[in-house]
Amino acid sequence: MAAALTHLGAQGEANMVDVGDKQETTRTAIAEGFVSMKPETLKTILAGNAKKGDVLGTARIAGIMAAKKTHELIPLCHPLLLTKVSVDIEPDHALPGLKVTALARVTGKTGVEMEALTAASVACLTIYDMAKAVDRAMIISGIRLVEKTGGKSGDYKANA
């Protein structure tokens, strides 16, 4: 039997899930995304020579800010008092491009998957924005939940 969609009411209307009776637990989510680009674009970014400035630093901050605003972007998400958000960006010369990994953590009654996914997505979008002047053919891909811990539904780890 398929799991029910928790954001739908009896008549199919959108609802914000009532988490009032849930236990507070520490919940962590990790998401990732990739930005593929020309080798020359990656070299420019890593050298810090992009015309708009520090691509990696700006993307990191953008991802963190986005996680904090997830409830403003995704209509049925609860506002959360995040205890930790980090965004790591690593070069992947085989791609070639950048791998973005975002972590979000909260002690609360609902999970942080959307915050981690939003952080990874916005960091990737920021990389694109800051480097599009030299490479409009960049591709954002592979945005997914990698891992989650805590909460009633238990732990999850994506297949590699």
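Further up the page is the structure itself.
Keep in mind that this is a model prediction, so the values were computed, not measured.

Parameters and conventions
- Residues numbered from 1 in each chain as written.
- Predicted model: local features only at pLDDT ≥ 70, side-chain atom pairs only at ≥ 80, totals over all residues.
- Heavy atoms only, no water.
- Helix = DSSP H or I, 4+ residues; strand = E, 2+ residues; numbered from the N terminus.
- Buried < 20%, exposed > 50% of the residue type's maximum accessible area, 1.4 Å probe, protein only.
- Pairing = 2+ DSSP bridges.
- 1 Å grid on protein atoms, 1.4 Å probe; cavity = no way out; pocket = protein on both sides within 12 Å on 5 of 7 lines; lining within 4 Å.
- Points joined across faces, edges and corners; volume = space filled by probe spheres on them.
- Nonpolar A, V, L, I, M, F, W, Y, C, P; charged D, E, K, R; others polar.

Novice: Which residues make up the overall build of the protein, and what values do they have?
Specialist: Looking only at helices and strands, one finds 4 helices and 5 strands in the protein. Listing every helix and strand of the protein by position from the N terminus yields β-α-α-α-β-β-α-β-β. Seen through its C-alpha atoms, the protein measures out along the principal axes to roughly 50 × 30 × 30 Å. Across the 160 residues of the protein, 38% fall into the buried class.

Novice: So, the pairing of strand S4 (residues 139-149): which residues are in play, and what are the values?
Specialist: Both strand S1 (residues 25-36) and S4 contribute to a ladder of 8 bridges, which runs antiparallel. What sits directly across from phenylalanine 34, in S4, is serine 141. Direction of pairing for S4 relative to strand S5 (residues 156-157): antiparallel, over a ladder of 2 bridges. Across the sheet, glutamate 147 pairs through a bridge with lysine 157, a residue of S5. Joining the antiparallel neighbours S4 and S5 is a turn of 6 residues, in which glycine 150 adopts a positive phi near 90°.

Novice: Can you break down empty space enclosed by the protein residue by residue, with the values?
Specialist: Across all of its chains, the model carries 1 cavity of 30 Å³ or more by this definition. By volume, the largest cavity is sized at about 40 Å³. If you go around the largest cavity, the residues you meet are Ala67, Lys68, Thr70, His71, His78, Pro79, Leu80, Leu82 and Glu115. Among the residues making up the lining of the largest cavity, the classes are represented as 4 nonpolar, 3 polar and 2 charged.

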